[in-house]
Amino acid sequence: MTVHLEVAEGVGTLRLDRPPMNALDVATQDRLKELAEEAARREDVRAVVIYGGEKVFAAGADIKEMQAMDHAAMVLRSKALQDSFTAVARIPKPVVAAVTGYALGGGCELALCADYRIAGENAKLGQPEILLGLIPGAGGTQRLSRLIGPSRAKDLIFTGRQVRADEALALGLVDRVVPAGEVYAQAHAWAAKLAQGPAMALRAAKESVDTGLETDIDTGLAVERNWFAGLFATEDRERGMRSFVEDGPGKAKFL
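Predicted, not measured: the structure shown is a model, and the values here were computed from it. Within any chain, residue numbers begin from 1 and follow the written order of that chain's sequence. Residue-level local features of this predicted model are given only where pLDDT is at least 70; pairs of side-chain atoms are given and counted only at 80 or more, and the full residue set underlies all totals for whole chains, interfaces and linings. To obtain the side-chain values, all non-hydrogen atoms of the structure were included, while hydrogens and water were left out.

Colleague: Teacher, can you tell me more about the packing of aromatic side chains here?
Modeller: Each pair of aromatic rings is reported with the distance of its centres and the angle of its planes. Aromatic pairs are defined between Phe, Tyr and Trp rings, using the six-membered ring for Trp, whenever the two ring centres lie within 6.5 Å; interplanar angles under 30 degrees are classed as stacked, those over 60 as edge-to-face, and all others as tilted. For the coordinates displayed, the defined rule picks out three aromatic pairs. With a centroid separation of 4.7 Å and 35° between ring planes, the pair formed by Y51 and Y184 is classed as tilted. Here Y51 is found in strand β3 (residues 47–51), whereas its partner Y184 is found in helix α8 (residues 183–195), with 133 residues between them in sequence. Working definition: with a 1.4 Å probe on protein chains only, accessible area under 20% of the residue-type maximum means buried, over 50% means exposed, and in between means partly exposed. Overall, Y51 belongs to the buried group, its relative accessible area being 6%. Where Y116 meets W190, the ring centres are 5.0 Å apart and the plane angle is 5°; that geometry is what we call stacked. Taken as a pair, Y116 in strand β6 (residues 116–120) and W190 in helix α8 lie far apart in primary sequence, 74 residues in all. Lysine and arginine charges are scored as sitting over a ring when NZ or CZ, respectively, is within 6 Å of the ring centre and within 35 degrees of the ring normal. Over the face of the ring belonging to Y184 we find R15, whose NZ or CZ atom lies 5.3 Å from the ring centre. Strands are runs of DSSP state E lasting at least two residues, helices are runs of H or I lasting at least four, and both sets are numbered from the N terminus onward.

Written out as structure tokens, the structure is:
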């Protein structure tokens, strides 16, 4: 299998495993969707790390496989391609991308599906599809522009240039840069900390932010309001408020 789901300490690691560059061929895309949906369902998975290994996150699509496709084939395949990435973006739990080495094309688009991105000092990110006479097709034109703004997104998409970790941090494309050997450990620690938190409130927060970015503010406020009120029916809310009153802030245990 080219993608694995490994679970420890409430954290599910979606690990890409298609050496040498983790090229995202059709089989890998389909497997990614399957395991993202499994991670979303499983109660023992409370947060997720996306990881490609110590040397490379994912260097993009399998170009040889794509070269063999004609227009009709890609019309049929493009929806499934997007669906595989959307399955990751819609995991209703905190998701962090642990980015080492290259995250290009589909690899960059996969990192964009996470809620938070930790990159190694050796990371290089970009959307080079324009150099093939194409545009990003797995959500890059949409998620990148929402993350870093349309002008910066167009610069990367129009030129196809790669950015190193320090520039990616300045652009807002990644959220933290660490030594390459510490990427997975820090990503897992970020996820493990959130895995100890109130699962339903985290889900509500993620859905409220994501929905608000995709719609008008009144609709976003309605989603927030409904989740906010609904959380008053949860055990975690009772535990959190009781702990605050009895022990002070920040001491509640949700597991």
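That covers the picture; the talk isn't over yet.
Colleague: Explain the layout of surface pockets here, please?
Modeller: Unfilled space is identified by rolling a water-sized probe across the atoms. Estimates place the volume of the largest pocket at around 1,000 Å³. Among the elements of the structure, α3 (71–89), α5 (140–148), α8 and α9 (199–214) are those that each provide at least two residues to the lining of the largest pocket. Top contributing element to the lining of the largest pocket by residue count: α9, with 10 residues. Each residue is assigned to one of three groups, with Ala, Val, Leu, Ile, Met, Phe, Trp, Tyr, Cys and Pro labelled nonpolar, Asp, Glu, Lys and Arg labelled charged, and all others, Gly among them, labelled polar. Per-class residue counts for the lining of the largest pocket are 16 nonpolar, seven polar and 12 charged. Every definition here rests on a 1 Å grid over the protein atoms only: cavities are sets of points where a 1.4 Å probe fits but cannot get out, pockets are open sets enclosed by protein on both sides within 12 Å along at least five of seven lines, and lining residues have some atom within 4 Å of a point. Grid points are joined across faces, edges and corners, and a volume is the space filled by probe spheres set on the points. Taken as a whole, the second largest pocket encloses approximately 610 Å³ of empty space. In terms of lining residues, the second largest pocket is bounded by 32 residues, among which A61, M66, L81, E129 and L134 are the most central. Elements that contribute at least two residues to the lining of the second largest pocket include exactly α1 (26–41), α2 (63–67), α3 and α4 (106–112).

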